[in-house]
Number of protein chains: 2
Amino acid sequence: MKIQPRTLSGFMELLPKQQVLMEKIMQTLRETYSLYGFTPLDTPIIEASEILLAKGGGETEKQIYRFTKGDSDLSLRFDLTVPLAKYVALHCNELSFPFRRYQIGKVYRGERPQRGRFRELYQADIDVIGDGKLDITNEAEIPAIIYQTFSKLGLKKFQIRVNNRKVLNGFYAMLGLQEQSGDIMRTVDKLEKIGPEKVKRLLIELGVSEEKAGEILEFIGIRGTNEEVLEALNGYRGRNDIFDLGLDELGTVVKYLGAFGVPEENFVVDLTIARGLDYYTGTVYETMMLDHPEIGSICSGGRYDNLAEYYTDKLLPGVGISIGLTRLFYILNEQDMLNEEQNTAPADVLLLPMTEDLSPAVKLATRFRNAGVRVQLYGEQKKFKAKMNYADKIGVPYVVFLGEDEIRDGVVACKDMKSGEQTKLGFEETLERVREGLAKRNEGSVILELGPSAVSS
Amino acid sequence: MKIQPRTLSGFMELLPKQQVLMEKIMQTLRETYSLYGFTPLDTPIIEASEILLAKGGGETEKQIYRFTKGDSDLSLRFDLTVPLAKYVALHCNELSFPFRRYQIGKVYRGERPQRGRFRELYQADIDVIGDGKLDITNEAEIPAIIYQTFSKLGLKKFQIRVNNRKVLNGFYAMLGLQEQSGDIMRTVDKLEKIGPEKVKRLLIELGVSEEKAGEILEFIGIRGTNEEVLEALNGYRGRNDIFDLGLDELGTVVKYLGAFGVPEENFVVDLTIARGLDYYTGTVYETMMLDHPEIGSICSGGRYDNLAEYYTDKLLPGVGISIGLTRLFYILNEQDMLNEEQNTAPADVLLLPMTEDLSPAVKLATRFRNAGVRVQLYGEQKKFKAKMNYADKIGVPYVVFLGEDEIRDGVVACKDMKSGEQTKLGFEETLERVREGLAKRNEGSVILELGPSAVSS
């Protein structure tokens, strides 16, 4: 009796070609995050339930993978933020602040399986944690990191949307609505989906007067260049300290954009953004793919005042962002935005020995590898045609043949599988040719975005 | 009420400096495995219990993390081999064979926590899977991969020990003991621990005659250079076909060692090695740290005939090895074998702006980053001494200061934190100096092994 092999629904399992592209994305994230001085972190996937559920309540508790093992009440992490809070609280005497870490890891959410929703998913997070205080420059740097990350991946048509919770909280305080500001922001967040009329009706249902609802819609309707938006906001200055502080912060974030190399077209101040989570207290970020607004934000986060309040009295303010990597990969794949031209073969060279004694082929493989070329030595007893079929199927860029003639003449026969061109050259010349070809193949980025002209043609 | 932050016992959680070294080890493994034409694979950590427990029984079932979620009976993987078997059986029509994959991932075992034992542990595996057949060259290549992997990590005093199960099975068949060969091999495996006398007594307890027990001990006592061992084994030739086939295979593995660049001193044919698992059928491998035999094998594996027999009728022979990465890291750390001189700081340069307007500093940071230098921009409002303390604590190689004077003169003040030397140079000259220094710091390997002279002195 055989057991039918299967992978659980809601769990992504990629075929080799796609997995290589996923690895390239992860490697790009690691490199980019590192350039900004973030250190890698790894924490357990399993934690004590009391740790993960310290905050408790809501969707989280329902979706969590929770079980007992022996006497222990255990849970699988559902994000990378709570484990970070635990880590920082636990190790705070051994860490230096500001503590900047990145983490790319799997998290678990028992959501109803549906297209594009995953129960096991990678998140790729960065956070900067301060000890008591954290300067606004950290918030100003985040858009640069988002911009660099997606640009290096090859994405162009995206927009980082930024707002500041102090601006919002201060504004609602001006209207005497501070008590309801949470509810109001959740309502306003729906603007893009349901339109201003419905938002206004919902606000009135919340008990906001018609006049104030109108003021709110006017406020969040402020549009224009970043300078124009800041200018409009300046008109509200002097009526609330929190608002003024938030506006200063927003001004700082915008001010350094140019110096950080973020182009205007990839960044916008957007007063409708609040982020669902309650704990953001300053700058908040969303990142939209302009051709795919239906997808929602692909990179979000913000500034918070107290990372680890459930574990320690120490005040640990921070700022962080998270990329939902598994979902992003799923979307890129579905939208045909992954660059299939990238070299995703398991090897750069497939080496086919044509002699009984494999020693010369083994030596040649070793030489290539010592030069950094990835070589698969193919020793199977198959017909020549089957070998070449295999080379085609794995998509290897080069096939190298080594027969008696080549060994005698001290040359290497090398076939470029794309052009079909075959050469017989010495090792060094072959190596150079292979390296040039590989460099060319690896020039492109992982994400391939069709320009507007290509889309319309 | 605060909840006491804690990490579950048996779960490794590293501080930043050590985590960076762990990442470097993983990156070395990824690169080395890739050089031999292995493609990266990632599979879910959670699988249906019926899949993971298809083989069933034994320690595995007791140690497994198993739980229900909704109607599903789920388990956390306890190794990377069973998920590979499922993957290959499930996707066999979409894969090309031989299928060569590497996987570095976490697995879970509910062992009793004790020093150096982990419940969540990384394994780093490679396997080559054939479709019906798999050539012996794949088995011959494995020692080269083991050798390259540990050499690149910086380990020198290790020995790859190789045997062949067909040689053992054939030998026991010669003695008419094929039925008991499993029990015998498990007993013989204890030779190093309990000595030949006790092994002999245990064999006799198994029902082996004293004469045959003597022959067994003589056989596994064969010692010498690889040539000498093969020569001694040749004396048994012609009495059993399986033995002869195994001896041919062993001969092939030894023959290509030189061509693969494996030095004699790192490799030995050792007839006592059988490997605990029942399913190996050809070459088997162990890797010992010569200064730490008490640790046991740090990289083991072998050839098997049927990877996925529980899921498919398809015959899928393979060969693979596994490194218990978490345990290895623990040991290296405990033995003080991790190279603390490696650059483990979160950044290469800590940039301290000395002006109120940070724009010039932000621009400088961007320039460094565009040149591939990892920069942390330090914007906190602290005293100069506190800033330098921070630089010391994170171990950053260079601190760059940018004040009014430097901006006016178009120079950069850069302090080498190790030598204390401070320069004021243009950007390009500073960049060159930083790059040279970093290259020097990254010259060494992650593992630092003291030579015999250093140990004895």
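Each remark here, short or long, concerns the structure printed above.
Residues numbered from 1 in each chain as written. Chains lettered and ligands numbered in written order. Predicted model: local features only at pLDDT ≥ 70, side-chain atom pairs only at ≥ 80, totals over all residues. Heavy atoms only, no water.

Caption draft 1: Region of the structure containing the overall build of chain A. Within chain A one finds 17 helices and 16 strands. Taken along the three principal axes of its C-alpha coordinates, chain A extends 90 × 60 × 45 Å. Per-residue burial for chain A yields a buried fraction of 60% across its 457 residues. Contacts in chain A between residues far apart in sequence, at least 24 positions, make up 69% of those at least 6 positions apart. As presented, chain A carries roughly 19,100 Å² of accessible surface, and 47% of it is formed by carbon and sulfur atoms. (Helix = DSSP H or I, 4+ residues; strand = E, 2+ residues; numbered from the N terminus. Buried < 20%, exposed > 50% of the residue type's maximum accessible area, 1.4 Å probe, protein only. Contact = heavy atoms within 4.5 Å. Areas by Shrake-Rupley, 256 points an atom, 1.4 Å probe, with all protein chains shown as cover.)

Caption draft 2: Summary view of the packing of helix α6 (residues 165-174) of chain B against helix α11 (residues 241-255) of chain B. Residue and element names in this part refer to chain B. Orientation of α6 relative to α11, taken along the N-to-C sense of each, is 155 degrees, at an axis distance of 7 Å. Classified by the interaxial angle, the pair formed by α6 and α11 is roughly antiparallel. Both α6 and α11 take part in a crossing whose hand is left-handed. Counted together, Lys 166, Val 167, Gly 170, Phe 171 and Met 174 of α6 and Ile 242, Phe 243, Leu 245, Gly 246, Leu 247, Glu 249 and Leu 250 of α11 form the full contact between these two elements. In terms of residue class, the contact of α6 with α11 is built from eight nonpolar, two polar and two charged. (Axes fitted to C-alpha atoms, helices over the stretch in contact; angles between N-to-C directions. Parallel < 35°, antiparallel > 145°, perpendicular 65-115°, else oblique. Left-handed = near helix turned anticlockwise from the far one by under 90°. Nonpolar A, V, L, I, M, F, W, Y, C, P; charged D, E, K, R; others polar.)

Caption draft 3: Summary view of the relation of the copies chain B and chain A. If you rotate chain B by 180 degrees and push it 0.0 Å along the axis, it lands on chain A with an RMSD of 0.1 Å. Expressed as an axis order, the relation between the two copies is that of a two-fold axis. When C-alpha distances to the rotation axis are compared across chain B, the minimum falls at B:Phe67, with a value of 3.0 Å. Taken as a fraction of all interface residues of chain B, those also at the interface in chain A reach 100%, which identifies the copy contact as same-surface. (Least-squares fit on C-alpha atoms with pLDDT ≥ 70 in both.)

Caption draft 4: Summary view of the pairing of strand β3 (residues 66-69) of chain B. Only one face of β3(B) is covered, namely the one carrying B:Phe67 and B:Lys69; the face carrying B:Arg66 and B:Thr68 has none of its residues buried. The turn joining β3(B) and strand β4 (residues 72-76) of chain B, which pair antiparallel and follow one another in sequence, is formed by two residues; a positive phi near 65 degrees is taken by B:Gly70. (Pairing = 2+ DSSP bridges.)

Caption draft 5: Here's a closer look at the side chain of B:Asn163. All names here are of chain B. Position of Asn 163 relative to the elements: it lies in strand β7 (residues 158-164). A distance of 3.1 Å separates a polar atom in the side chain of Asn 163 from the backbone oxygen of Leu 271. Looking at Asn 163, its side chain comes within polar contact range of the main-chain oxygen of Ile 273, at 2.7 Å. Once residues within four sequence positions are removed from consideration, Asn 163 is found in contact with Leu 168, Leu 250, Asp 270, Leu 271, Thr 272, Ile 273, Gly 282, Thr 283 and Val 284. (Polar contact = N/O pair within 3.5 Å; in protein donor to acceptor, adjacent residues only side chain to side chain.)

Caption draft 6: Broad picture of the interface of chain B and chain A. Between chain B and chain A, the residue contacts involve 101 residues of the former and 101 residues of the latter. Counting the surface chain B buries against chain A, the share from its top three residues, B:Ile3, B:Glu13 and B:Leu35, is 8%. Put simply, chain B and chain A have 12 salt bridges between them. Between B:Arg369 and A:Glu141 there is a salt bridge, and its shortest N-O distance comes to 2.6 Å. Counting across the chain B and chain A interface gives 46 residue pairs in polar contact (both at pLDDT 80 or more). Sorting elements by how many residues they give to the side of chain B that touches chain A places helix α1 (residues 16-35) of chain B first, with eight residues. When grouped by side-chain class, the residues that make up the side of chain B that touches chain A number 50 nonpolar, 23 polar and 28 charged. (Buried area = accessible area lost by both parts, 1.4 Å probe. Salt bridge = Lys/Arg side-chain N within 4 Å of Asp/Glu carboxyl O.)

Caption draft 7: The arrangement of the sheet that holds strand β2 (residues 46-48) of chain B in detail. Residue and element names in this part refer to chain B. Read across the sheet, three strands follow the order β2-β4-β3 without closing on themselves; strand pairing throughout is antiparallel. Since the sheet does not close on itself, it has two edges, and those belong to β2 and β3, each with one partner. When the angles between neighbouring strand axes are averaged without regard to direction, this sheet yields 40 degrees.

Caption draft 8: Spotlight on the pairing of β7(B). All names here are of chain B. Of all seven residues in β7, seven are buried, a share of seventy percent or more. Covered by surrounding structure in β7 are Phe 158, Ile 160, Val 162 and Asn 164 together with Gln 159, Arg 161 and Asn 163, the residues of both alternating faces. In terms of strand pairing, β7 meets strand β9 (residues 280-289) through seven bridges, oriented antiparallel. In the strand pairing of β9, Val 162 is matched with Tyr 285. Where β7 lies against strand β8 (residues 267-269), three bridges are found, and the strand directions are parallel. Looking across to β8, one finds that Val 162 is bridged to Val 269.

Caption draft 9: Expanded view of the environment of A:Val262. Residues and elements named next belong to chain A. Here Val 262 is to be found in the loop between α11 (241-255) and β8 (267-269). On a C-alpha basis, the gap between Val 262 and Pro 143 in space is 7.5 Å, while along the polypeptide they are 119 residues apart. The contacts of Val 262, once residues within four sequence positions are left out, are Pro 143, Ala 144, Tyr 147, Leu 257 and Phe 267.

Caption draft 10: The arrangement of the nonpolar core in detail. The biggest cluster of nonpolar side chains holds 112 residues, and the ones touching the most others in it are A:Phe150, A:Tyr172, A:Ile216, A:Phe219 and A:Leu233. In terms of residue count, helix α5 (residues 136-153) of chain A provides more of this core than any other element does, nine residues in total. (Core = buried A, V, L, I, M, F, W, Y, C linked by side-chain atoms within 4.5 Å.)

Caption draft 11: Structural context of the packing of helix α13 (residues 359-370) of chain B against helix α16 (residues 427-441) of chain B. Residue and element names in this part refer to chain B. Relative to each other, α13 and α16 sit at 50 degrees, their axes nearing to 11 Å. Viewed along their axes, α13 and α16 adopt a mutual orientation that is oblique. Crossing handedness for the pair α13 and α16: right-handed. Only Phe 427, Glu 428, Thr 430 and Leu 431 of α16 make contact with α13, whose side of the interface consists of Leu 364, Arg 367 and Phe 368.

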